[in-house]
Amino acid sequence: MPTSRLKVASLFCGCGGSDLGMMGGFTFLNQEYSRLIFDIVYAIDFDKYAVETYNQNFEHKAVCADIVGVDFSSIPDVDVMIGGFPCQSFSTVNPTKDTNDDRANLYKQIVRFLETKKPKYFICENVKGLMTLKQGTIISKIVKEFSDVGYNVCYKLMKAVEFGVPQKRERVIIVGIRKDIEVDFLYPNSILTEGNFVPLNRVIDSLEIPEQKYYFSERAVQGMKNAKNNMKRGLWQDLDAPCLTITSHLAKTSMNSRDPILLVNPKTELYRRFTPREAARIQSFPDDFILNKSEPKSYKQIGNAVPPVFMWHIAKALQDIIKKTK
Ligand SMILES: C[S@@+](CC[C@H](N)C(=O)[O-])C[C@H]1O[C@@H](n2cnc3c(N)ncnc32)[C@H](O)[C@@H]1O
């Protein structure tokens, strides 16, 4: 018997990387990612530019609002909830790591959603740093709160590169299954191993591009060369390997930052940043995904996103266990 379609709510949807992966029905690097059984019936983000991009790319529309003020009893019932709760305050690159700030506490909105809507399944994505923050006490607390509202919860650090994304991005994937549903989630097995990862050159058509605005000035190159040796700077990428993780601040990439860049010509010491379209490809967005017309907004949305191909494999694993329980 065919499995019926499942309704999904997407909290903190951003421009929709996770949502595209959840739905499927797209192509990346000539590979088709089939349409899955999930339909998004509710999506919310309070960044109007992210919602603008989202709504250009999907038939269903996202709501632009602060989740804190949303009465969840007034939104449609769903089978699945997905939500990459904001992670800036958890991030390993954020030295302040104030775990009491509002952004860190936004996982409480997920708890509130689970309590009110009681979806059968949920998937949350977060940065690697969440695993080790305060010696792991934060993730334990979050998992306990999800469990206390009725879910069996598991979590795992996963590598996007093992699923065909040309990037060394590692993220914690938390999955919850309502306690009355007797099934365990099985994380997808990696499809690629070291040695056959997708290299950066698959998504960079040409090192040299006509737009001058993407190149670093001679002064910037000199500044990088004068930097102390022990500083991580001028992180130009090996085109034959996957790219370093791209972040939401790519618009402000400098040669003296920890962001990946490209070495265009070693002889003339020509370096450049990625274009927004290249960043989107590094994140496994298909080329027909419409980017925000503002480049800084676009970099931010793309850097914040869950790579659609990565999410597709997680969603497919959920679909597989749901089909088994029928
Ligand atoms: C990590 S990003 C999500 C990326 C998204 N899952 C994707 O794959 O494209 C987190 C999002 O949370 C949103 N956000 C942060 N605080 C919020 C709030 N109080 N209400 C609604 N959205 C919020 C941000 O605007 C940001 O787009």
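Remember, it's a predicted structure, so these values are computed and weren't measured experimentally.

About the cut-offs
- Residues numbered from 1 in each chain as written.
- Predicted model: local features only at pLDDT ≥ 70, side-chain atom pairs only at ≥ 80, totals over all residues.
- Heavy atoms only, no water.
- Core = buried A, V, L, I, M, F, W, Y, C linked by side-chain atoms within 4.5 Å.
- Buried < 20%, exposed > 50% of the residue type's maximum accessible area, 1.4 Å probe, protein only.
- Helix = DSSP H or I, 4+ residues; strand = E, 2+ residues; numbered from the N terminus.
- Domains from an automatic or database assignment.
- Contact = heavy atoms within 4.5 Å.
- Buried area = accessible area lost by both parts, 1.4 Å probe.
- Salt bridge = Lys/Arg side-chain N within 4 Å of Asp/Glu carboxyl O.
- Polar contact = N/O pair within 3.5 Å; in protein donor to acceptor, adjacent residues only side chain to side chain.
- 1 Å grid on protein atoms, 1.4 Å probe; cavity = no way out; pocket = protein on both sides within 12 Å on 5 of 7 lines; lining within 4 Å.
- Points joined across faces, edges and corners; volume = space filled by probe spheres on them.
- Nonpolar A, V, L, I, M, F, W, Y, C, P; charged D, E, K, R; others polar.

K.L.:
So what's going on with the nonpolar core? Which residues, and what values?
P.N.:
Met22, Phe38, Val80, Tyr121, Phe185, Phe310 and Leu318 are the most contacted members of the largest nonpolar core, which totals 66 residues. The leading source of residues in this core is helix 9 (residues 308-325), at 10 residues. Here this core spans two domains, since at least three of its residues come from each of domain 1 (6-193 + 306-325) and domain 2 (200-281). Setting aside chain neighbours within four positions, we find Phe185 in contact with Cys154, Val175, Ile177, Ile314, Ala317, Leu318 and Ile321.

K.L.:
Describe the domain arrangement of the chain, naming the residues involved and giving the relevant values.
P.N.:
For the chain, the assigned domains read domain 1 (6-193 + 306-325) and domain 2 (200-281). Between the C-alpha centres of domain 1 and domain 2 the distance comes to 30 Å. The interface is formed by seven residues belonging to domain 1 together with eight residues belonging to domain 2. Area buried by domain 1 at its contact with domain 2 is led by Leu29, Pro166 and Lys168, which between them contribute 55% of it. Inspection of the domain 1/domain 2 interface yields zero salt bridges. There are five residue pairs in polar contact (both at pLDDT 80 or more) connecting domain 1 and domain 2.

K.L.:
Could you give me a rundown of empty space enclosed by the protein, with the residues and numbers involved?
P.N.:
One pass over the structure, following the stated rule, counts one cavity of 30 Å³ or more. Forming the boundary of the largest cavity are Ser18, Ile82, Gly83, Gly84, Ile123, Cys124, Glu125, Ile173, Val306 and Met311. Contributing elements (two or more residues each) for the lining of the largest cavity: strand 6 (80-83) and strand 7 (121-127). The dominant element in the lining of the largest cavity, judged by the number of residues it contributes, is strand 7, at three residues. Of the residues in the lining of the largest cavity, the class split is six nonpolar, three polar and one charged.

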